[in-house]
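Analysis of the macromolecular model
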Amino acid sequence: MGDIDGNTLLARSLKEQGVEYVFGIVGFPVIEFGMACQMEGLHYIGMRNEQAACYAAQAIGYLTGKPGVCLAVSGPGFLHTVGGLANAQINCWPVLVIGGAVAQDHEGIGGFQECNQVELARPYCKYSARPPSVPLIPMHVEKAIRLTMYGRPGAAYLDLPANILSQRVLEEIVPAQYKVGPIPVIYPQPSLIEKAANMLIQAKRPLVIVGKGAAYARAETEVTNLVNYTNLPFLATPMGKGVVPDVHRNSIAPARSLALQQADCILLIGARLNWILHFGRPPRFSPDVKVIQIDICAEELNNSVNSAVAIQTDIKPAILQLLQILESRKYVFDRKNDWWNQLNKKCSDNRSGAQAMALDVSTPLNYYAVFHHLQQLFPQNPIIVSEGANTMDIGRAVLTNNLPRHRLDAGTFGTMGVGPGFAIAAALWCRHYAPNKRVICVEGDSAFGFSAFGFSGMEIETMVRYKLPIIIVIVNNSGIYGGVAKEVYSEFQESGEGTRTVPPTTLAFSTRYEKMMELFGKQGHFCETIPELQNAVKAALSVEDSPSIINIIISPSADRRPQTFAWLTESKL
Ligand code: ADP
Ligand code: MG
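Residues numbered from 1 in each chain as written. Chains lettered and ligands numbered in written order. Predicted model: local features only at pLDDT ≥ 70, side-chain atom pairs only at ≥ 80, totals over all residues. Heavy atoms only, no water.

Taking an unreviewed UniProt entry as the reference, the protein chain is identified by name as 2-hydroxyacyl-CoA lyase belonging to Popillia japonica. What UniProt records for the protein chain under Sequence similarities (unreviewed entry) is the sentence "Belongs to the TPP enzyme family." (UniProt positions renumbered as here; feature names shortened; annotations may be inferred.)

Structure representation (C-alpha cells):
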C-alpha cells in the first residue's frame, strides 16, 4: 500500500458511496479535487456560478434519488451555494455541498477567504461538518450521503480545509468504510390504514392530492393504481404533476379551487399543507375537512391542521395496503354522483375560458396562446423546467406532464433562478437515462434575468460546452409580473434618469435575449407571432447538440385569467 492524499480519498469515497455527478466551480483550494473526481470516474460538470451548480446537483438528486455533489471554493464561492442549499433542504431533495476552506493554520488570523462555513451551512442542512483529518474523510462522506437520502431527503455540507485536501497519509491508516445501506422502508401502522380506508369509504366528497413526495418516492404505479381502481378525483401539486398522468380522466386540475374548498375528505400523499396548498385552512378548505396525511416525516404530521389520520410511512407500502383494503371492500367511487358532476362541470367551464384565450392569437400575444401552441409542438413527454411568476403559474395549468419527475420549478421555496441549473441536470439525466427525451426550460423574462444574468449568467456557456440541447423559451413581457407599454417605456427613457419614476417591476422593453446565442456563433429565435413561434420550436427541436433560445414577446400587461382567490395576499394574522 502506498499513500493517498485528501483529494483522492474524498473523490474515491464519493464514488464508493454511489455519487455520479459533481457540479462545481474550481479555484483554490479545490482544483486538484475537481481533477481527482474525474480520475475516480465521476462526471464533473464545470459550471459558471455556484448557486446554479447547487441547483443542478439537487435536481440530479431528485431525478436519480442519489445526491449530486456541488463543489465550491471557500468564502464567497461557498456563500453562493447557500441559496441552493436552502432550496434543496426546503424542497426535501438530496444534495451534498463540498466547500474548500482556508488552511487551518491560517484560521483566525485573516486567512484567504476565511469563513465560518460549517455554521453558515448548518441551518439549511441535515448534516454539516468538517472531517477533522484525512483518514476520517470516508466516514463523514458516508454519513453526509446517508443523511441526504434517509428519512426525509435533504441537504448536507462537508468542509474541507486546504491542508486536509492536500495532505498525504498512508493508505493503511485509513479505516475501511462501509457503504450507505439501502434506504430503510417505513411501513404504516395497519390500524391507521384501516382507519383511513373507512374514512374514504364514508366520504361524500373525497379528493386525492398527489405531491412531489410521491414523485420522489417513485410511487407512480401505486398511486395510479389507486386512482384507477377507486375512481377518486385527484389533484397534483406543481411538482406532483405526472405521478398520475395529467391527461388521466380523474384529474380535476381545472376545478382545483372548488375541489379544495368542498372536499370533505382528503387523502394527502407526499405533500405539505404549506402555502402551496393554502395551509389546508379556510377559506380555501372546508373547516370540517378530514385529512388523511401520508408522509415519511413524523415531524410533518399534523402541521398547520390536525389530520384526522396522520400516518408516518413510505408512500408505496401505504398506498398498496390502502388499495388492498379498498379492493377487498369493493369500494369504487361512483362517477355519477353529485361530487363528480359538480367537478366535471367546473372543469369544463374553466377549460372553455382558457381555450378562448388560447385561441386568441392577436399580437402582442397572451400567455395562454403561447403555452397552448408550445404544447402542441412539444415532443413526447419532455422534462419541463419552469420559473417566473405568471409564466410558471399559467404554464403549469396548460403544459401537461404525463410522467413523474418531468417538471422542475421554483418549488416550495419559490426560488427564481433555478432554471438553468435544473435544466442542465435534466439534460444530463436525459443523456444518460432517456436519450431521446428533450428538456424545455420555460422562463419568464425576469426569471431568466435572475438566473441568466444576475447569478448564473453564463450557464448557457455551460450548456454549449457540454452540448446539452436544452430549449430555453423566454416568455417576455418586459417586466417582473408585467412591464409597461412601449410608448410608456420610451417616455421613461426620455424623461431623465428614471430612478424615481420607472416602476420597480419594469424591465427594458422587448430585450433581445435570444442574441445571447450569438456569443457562441449560433442563432437564437425572436418571435412576436404564433407562426414565428412554431417555426422557432421546430428549428430548436432539430438542433441536438446545443442549446437554443426562443424569445417570445407577449403583451406587457398579459395576465392570468380572473381567479376566485387572490394569490398570496390573504392573511388573517
Ligand atoms: P408539494 O410541494 O408537492 O406539496 P412537499 O415538498 O411540500 O410537496 O411535500 C413532500 C412531502 O413528501 C414531504 O413532507 C416529505 O417528507 C414527503 N416525502 C418525501 N419522500 C417520501 C416518501 N418516500 N414517503 C413518504 N413521504 C415522503
Ligand atoms: Mg416577465
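All of the protein donors around the magnesium ion (ligand 2) are Asp445 (OD), Asn477 (OD1) and Gly479 (O); their distances to the metal are 2.0 to 2.1 Å. Considered as a linear motif, the donors of the magnesium ion (ligand 2) on their single chain read D-x31-N-x1-G. Take asparagine 477 and glycine 479: they sit in the same class, and that class is buried. (Donors = N, O, S within 2.8 Å, 3.2 Å for Na, K, Ca; no water. Buried < 20%, exposed > 50% of the residue type's maximum accessible area, 1.4 Å probe, protein only.)

In this section: the packing of helix H3 (residues 50–64) against helix H16 (residues 419–433). H16 packs onto H3 with a crossing angle of 40 degrees between their chain directions and a minimal axis gap of 7 Å. Relative to H16, the element H3 is oriented oblique. Crossing geometry of H3 relative to H16 is assigned as right-handed. Within the contact between the two elements, H3 uses Ala52, Tyr55, Ala56, Gln58, Ala59, Ile60, Leu63 and Thr64 and H16 uses Gly421, Phe422, Ala425, Ala426, Trp429 and Tyr433. For the contact of H3 with H16, a count of residues per class yields 11 nonpolar, three polar and no charged. (Axes fitted to C-alpha atoms, helices over the stretch in contact; angles between N-to-C directions. Helix = DSSP H or I, 4+ residues; strand = E, 2+ residues; numbered from the N terminus. Parallel < 35°, antiparallel > 145°, perpendicular 65-115°, else oblique. Left-handed = near helix turned anticlockwise from the far one by under 90°. Contact = heavy atoms within 4.5 Å. Nonpolar A, V, L, I, M, F, W, Y, C, P; charged D, E, K, R; others polar.)

Right, let's get into the environment of glycine 111. Locating glycine 111 in the fold gives a position in the loop between strand S5 (95–101) and helix H5 (117–121). As for glycine 111 and alanine 101, which are separated by 10 residues in sequence, their C-alpha atoms are 9.6 Å apart. Not counting chain neighbours up to four residues away, the residues in contact with glycine 111 comprise Val102 and His106.

Let us now look at the site of ligand 1. In the vicinity of ligand 1 there are 19 residues, among which Lys212, Thr237, Arg272, Asp295 and Asp314 approach most closely. In this structure, an oxygen atom belonging to ligand 1 sits 2.4 Å away from a side-chain N or O atom of threonine 237. Measuring from a nitrogen atom of ligand 1, one finds a side-chain N or O atom of aspartate 314 at 2.8 Å. For ligand 1, whose free accessible area comes to 580 Å², the fraction covered by protein is 97%. Of the residues contributing to the shell around ligand 1, the split by class is six nonpolar, seven polar and six charged. (Near = heavy atom within 4 Å. Polar contact = N/O pair within 3.5 Å; in protein donor to acceptor, adjacent residues only side chain to side chain. Areas by Shrake-Rupley, 256 points an atom, 1.4 Å probe, with all protein chains shown as cover.)

A word on the pattern of salt bridges. Using the criterion set out here, one finds 19 salt bridges in the structure. Across the pair aspartate 349 and lysine 345 runs a salt bridge, and its minimum N-O distance is 2.9 Å. Residue aspartate 349 and its partner lysine 345 are located together in helix H13 (residues 338–359), separated by four residues, close to a single helical turn. Two residues, arginine 512 and glutamate 514, come together in a salt bridge whose shortest N-O distance is 2.7 Å. Classification of arginine 512 by relative accessible area gives partly exposed; the value is 38%. Glutamate 514 gets classed as buried once you look at its relative accessible area, which sits at 3%. Among the charged side chains, a salt-bridge network with shared partners connects Arg12, Glu40 and Glu171. (Salt bridge = Lys/Arg side-chain N within 4 Å of Asp/Glu carboxyl O.)

This part is about the UniProt feature "domain: Thiamine pyrophosphate enzyme central" (unreviewed entry) in the protein chain. The sites that UniProt annotates as "domain: Thiamine pyrophosphate enzyme central" (unreviewed entry) are residues 193–321. Secondary structure within residues 193–321 divides into 31% helix and 18% strand; the distance between the first and last C-alpha atoms comes to 7 Å.

Evaluation of the coordinates by the stated rule reveals zero disulfides. No disulfide involves cysteine 441; its sulfur sits 13 Å from that of cysteine 430, the nearest cysteine. Judged by its relative accessible area of 1%, cysteine 441 falls in the buried class. (Disulfide = S-S within 2.5 Å.)

Within the structure shown, the criterion is met by 10 aromatic pairs. Seen from their ring centres, phenylalanine 28 and phenylalanine 112 are 6.3 Å apart, and the 50 degrees between their planes marks the pair as tilted. With phenylalanine 28 in the loop between strand S2 (21–24) and helix H2 (31–39) and phenylalanine 112 in the loop between S5 and H5, the pair connects residues that are 84 residues apart, well separated along the chain. Taken as a pair, phenylalanine 28 and phenylalanine 112 share a single burial class, namely exposed. What links up through ring pairs into an aromatic cluster is the set Tyr55, Tyr62, Trp93, Tyr216 and Phe422. Positioned above the aromatic ring of tyrosine 216 is the side chain of arginine 218, whose terminal nitrogen or guanidinium carbon lies 5.4 Å from the ring centre. The ring of tryptophan 340 carries arginine 335 above its face, with NZ or CZ at 4.3 Å from the centroid. (Phe/Tyr/Trp six-rings, centres within 6.5 Å; stacked < 30°, edge-to-face > 60°. Lys NZ or Arg CZ within 6 Å of the ring centre and 35° of its normal.)

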